[in-house]
Amino acid sequence: MGDMLIRGIPEPLKREIEQAARKGGQSLSGKAIDLLRKGIVAEKEAKPERGVSAWDAIRSAFVAENATDETFAEIMEEIEAERKRDFGRPVEDFE
């Protein structure tokens, strides 16, 4: 098992980890390892799949909810119209 030295930890953060360790009956190192592991897992879950467009990600959410293709198309048209309005130009300029 390896060791790791982490420098520059702000005192309030260190105290917070120490308190959490005491509360959970863990050592400071054990709690820090636990928090690092949870952070890695959360970071992996937060990253979108590579190569999947926003369009495909939204579409998969509709498929998971058994939404119809027509519903998906209507909502995507609304999203696209709002996106175009965000640029301050009329939607017709993009058609």
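Look up: the structure comes first, before these words.
The structure reproduced in this document is the subject of the present report. (Residues numbered from 1 in each chain as written. Predicted model: local features only at pLDDT ≥ 70, side-chain atom pairs only at ≥ 80, totals over all residues. Heavy atoms only, no water.)

### Let's talk about the layout of surface pockets
So the rule is basically this: A cavity here means a set of points on a 1 Å grid, drawn over the protein atoms and nothing else, where a 1.4 Å probe fits but cannot get out; a pocket is an open set with protein on both sides within 12 Å along at least five of seven lines, and a residue lines either one if it has an atom within 4 Å of a point. Grid points are joined across faces, edges and corners, and a volume is the space filled by probe spheres set on the points. Helix and strand assignments follow DSSP, with helices taken as H or I runs no shorter than four residues and strands as E runs no shorter than two, numbered in order from the N terminus. Residue type decides the class: Asp, Glu, Lys and Arg count as charged, Ala, Val, Leu, Ile, Met, Phe, Trp, Tyr, Cys and Pro as nonpolar, and the leftover types, Gly among them, as polar.
Size it by volume and the largest pocket reaches roughly 560 Å³. In this structure, the largest pocket is lined by 16 residues; those nearest its centre are Met4, Ile6, Ser29, Ala32 and Leu36. Of all the secondary structure elements, the ones that give two or more residues to the lining of the largest pocket are helix 1 (11–23) and helix 2 (28–46). By residue number, the principal contributor to the lining of the largest pocket is helix 2, which donates 6 residues. The class makeup of the residues in the lining of the largest pocket is 12 nonpolar, 2 polar and 2 charged.

### A word on a negative patch on the surface
Formally: Patches here are clusters of residues that have more than 30% relative accessible area and form no salt bridge, with a 9 Å joining cutoff for like charges and a 5 Å cutoff for nonpolar side chains (Val, Leu, Ile, Met, Phe, Trp, Tyr). In these tables, accessible area is a Shrake-Rupley quantity obtained with a 1.4 Å probe, and a residue counts as shielded only by the protein chains included in the view. By definition here, a salt bridge exists when the distance from a side-chain nitrogen of Lys or Arg to a carboxyl oxygen of Asp or Glu is within 4 Å. In this tally Asp and Glu are treated as negative and Lys and Arg as positive; neither His nor the chain ends contributes. A single reference atom marks each charge: NZ on Lys, CZ on Arg, CG on Asp, CD on Glu.
Side chains of Glu70, Glu74, Glu77 and Glu78 sit close together on the surface and give a patch of like negative charge. Locating glutamate 70 in the fold gives a position in helix 4 (residues 69–86).

### So, the pattern of salt bridges
Applied cut-off: Each residue gets one of three labels from its accessible area relative to the maximum for its type: buried under 20%, exposed over 50%, partly exposed in between, using a 1.4 Å probe on protein chains only.
Enumeration according to the criterion identifies 3 salt bridges in this entry. A salt bridge links glutamate 18 to lysine 14; the nearest nitrogen and oxygen atoms lie 4.0 Å apart. Of this pair, glutamate 18 and lysine 14 both sit in helix 1, separated by 4 residues, roughly a single helical turn. Residue classification places glutamate 18 among the partly exposed residues on the basis of a relative accessible area of 24%. For lysine 38, the salt bridge is made with aspartate 34, and the minimal N-O distance between the two is 3.3 Å. Here aspartate 34 and lysine 38 lie together in helix 2, a separation of 4 residues that amounts to about one turn. Residue lysine 38 is classed as partly exposed on the basis of its relative accessible area of 49%. By sharing partners, the salt bridges in this structure join Lys31, Asp34 and Lys38 into a single network.

### A few points about a nonpolar patch on the surface
Together, Met4, Ile6, Ile9, Leu13 and Leu36 make up an exposed nonpolar region whose accessible area comes to about 480 Å². Mapped onto the elements of the fold, isoleucine 9 is located in the segment before helix 1.

### What about the packing of helix 3 (residues 54–64) against helix 4?
Formally: Between the N-to-C directions of two axes lies an angle of 0 to 180 degrees, each axis being a line fitted to C-alpha atoms and, for a helix, fitted only over the stretch in contact. When describing relative orientation, an angle under 35 degrees is termed roughly parallel and one over 145 degrees roughly antiparallel, while 65 to 115 degrees is termed roughly perpendicular and anything else oblique. By definition, any crossing whose near helix is turned counterclockwise from its far helix by less than a right angle is left-handed, and any crossing with a clockwise turn is right-handed. Every residue pair with non-hydrogen atoms within 4.5 Å of one another is taken to be in contact.
Two numbers describe how helix 3 lies on helix 4: the axes approach to 10 Å, and their chain directions differ by 140°. Viewed along their axes, helix 3 and helix 4 adopt a mutual orientation that is oblique. When the axes of helix 3 and helix 4 are compared, the crossing they make is right-handed. Facing Trp55, Ile58, Arg59 and Phe62 of helix 3, the residues of helix 4 in contact are Asp69, Thr71, Phe72, Ile75 and Met76. Classifying every residue of the contact of helix 3 with helix 4 gives 6 nonpolar, 1 polar and 2 charged.

Take it as geometry only, folks, not as evidence of what the structure does.
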